[in-house]
Amino acid sequence: MKIFLSIKYHPDHRNRDLIEHVTQALQTHNVICIARDVEEWGEKKFDSAELMHRTFAEIDSSDIVVVELSEKGVGVGIEAGYARAKGKPIITVARRGSDVSETLKGISREVFIYQDASELEKFFGTLTGF
């Protein structure tokens, strides 16, 4: 199963540890994260049109989209909306205290609020189809 990970982008990759934690929790699956796998942590640069083209192609070829919403971002919203329009199941995860919008809750198959990223592996393991 291919999973697209949608997460707030930071040019300095300050959330790299979180990306790695989520990916580790999904370790039995092929996980694609644009910052890590396409941009290779900033080693490769793309103009905005090419980056969105690649992002949409990755969502199109994915079976499910995991939205990590501990931090909101316009790109995350675009990716979630695109995934929904394409009929992709969406799983949303966020740290306790995060502001998960009602609209994202409404398009998500599951929403999981966690205290520590170490809880994600157990959560993903309980999902049907994972």
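The following paragraphs examine the structure supplied in this document. Each residue is numbered by its place in its chain's sequence as written, counting from 1. Local features are withheld for residues below a pLDDT of 70 in this predicted model, meaning they are given only at 70 or higher, and side-chain atom pairs are given and counted only at 80 or more; totals for whole chains, interfaces and linings count all residues. Hydrogens and water are ignored here; the side-chain numbers use all heavy atoms of the structure.

### Structural notes on the nonpolar core
Formed by 23 residues in total, the largest nonpolar core has its most connected members in Leu5, Val66, Ile91, Val93, Leu120 and Phe124. At the level of elements, strand 1 (2–7), helix 1 (16–25), strand 3 (64–68), strand 4 (90–95), strand 5 (110–114) and helix 6 (120–126) are the ones that each hand at least two residues to this core. The helix and strand labels rest on DSSP assignments: H or I over at least four residues marks a helix, E over at least two residues marks a strand, and numbering proceeds from the N terminus. With four residues, helix 1 is the largest single contributor of residues to this core. Throughout, a contact is declared for two residues whenever any of their heavy atoms are within 4.5 Å. Beyond its immediate chain neighbours, meaning those up to four positions away, Leu5 contacts Ile19, Val22, Thr23, Val31, Ile32, Cys33, Val66 and Glu68. Counting 17 residues, the second largest nonpolar core, distinct from the first, contains Ile34, Val38, Val67 and Leu69. What we call a nonpolar core is a set of buried Ala, Val, Leu, Ile, Met, Phe, Trp, Tyr and Cys residues that are connected through their side-chain atoms within 4.5 Å. The cut-offs for exposure are 20% and 50% of the maximum accessible area for each residue type, with area from a 1.4 Å probe on protein chains only; residues under the lower value are buried, those over the upper are exposed, and the others partly exposed.

### Concerning the sheet that holds strand 3
Adjacent strands of a sheet form backbone hydrogen bonds with each other and so pair up, either parallel or antiparallel. Strands are treated as partners if at least two bridges between them are detected by DSSP. The strand order across the open sheet built from five strands is 2-1-3-4-5, with neighbouring strands paired in parallel fashion. Every other strand in the sheet has two partners, leaving strand 2 (30–32) and strand 5 as the edge strands with one partner each. The mean angle between the axes of side-by-side strands here comes to 20°, regardless of whether they run parallel or antiparallel. In terms of strand pairing, strand 1 meets strand 2 through three bridges, oriented parallel. Within strand 2, the residue paired with Ile3 across the bridge is Val31. Between N-to-C directions, angles cover 0 to 180 degrees, with each direction set by a line fitted to C-alpha atoms, over the stretch in contact for helices. Lying on the sheet, helix 1 is in contact with strand 1, strand 2, strand 3, strand 4 and strand 5; it crosses strand 1 at an angle near 155°.

### Brief notes about the packing of aromatic side chains
Stacked, tilted and edge-to-face are the three classes applied to pairs of Phe, Tyr and Trp rings, where Trp contributes its six-membered ring and a pair requires centres within 6.5 Å; stacked means planes under 30 degrees apart, edge-to-face means over 60, and tilted covers the rest. All told, the structure shown has three aromatic pairs when counted by the stated rule. Where Phe56 meets Tyr82, the ring centres are 4.1 Å apart and the plane angle is 20°; that geometry is what we call stacked. Placement of Phe56 in helix 3 (residues 48–60) and of Tyr82 in helix 4 (residues 74–85) is noted, with a sequence separation of 26 residues between them. Judged by its relative accessible area of 24%, Phe56 is partly exposed. Classification of Tyr82 by relative accessible area gives buried; the value is 18%. The interplanar angle of 55° and the centroid separation of 5.4 Å between the aromatic rings of Phe123 and Phe124 together place this pair among those described as tilted.

### Considerations on the environment of Val66
By the secondary structure assignment, Val66 is in strand 3. The class of Val66 is buried, set by a relative accessible area of 0%. Taking the C-alpha atoms as reference points, Val66 and Glu110, 44 residues apart in sequence, are found 9.7 Å from one another.

### Structural notes on the pattern of salt bridges
Opposite charge on two side chains permits them to pair, given that their charged atoms come into close proximity. Salt bridge, as used here: a side-chain nitrogen of Lys or Arg that lies within 4 Å of a carboxyl oxygen of Asp or Glu. Here the structure, examined in full by the defined rule, presents seven salt bridges. Note that Arg54 is salt-bridged to Glu50, the shortest N-O span being 2.7 Å. On the criterion of helical spacing, the pair formed by Arg54 and Glu50 is a turn pair, its members being four residues apart in helix 3. As a salt-bridge pair, Lys105 and Glu102 come within 3.2 Å of each other at their nearest N and O atoms. Of this pair, Lys105 and Glu102 both sit in helix 5 (residues 102–107), three residues apart, which is roughly one turn of the helix. Judged by relative accessible area, which is 36%, Lys105 ranks as partly exposed. According to the relative accessible area criterion, Glu102 is exposed, its value standing at 57%.

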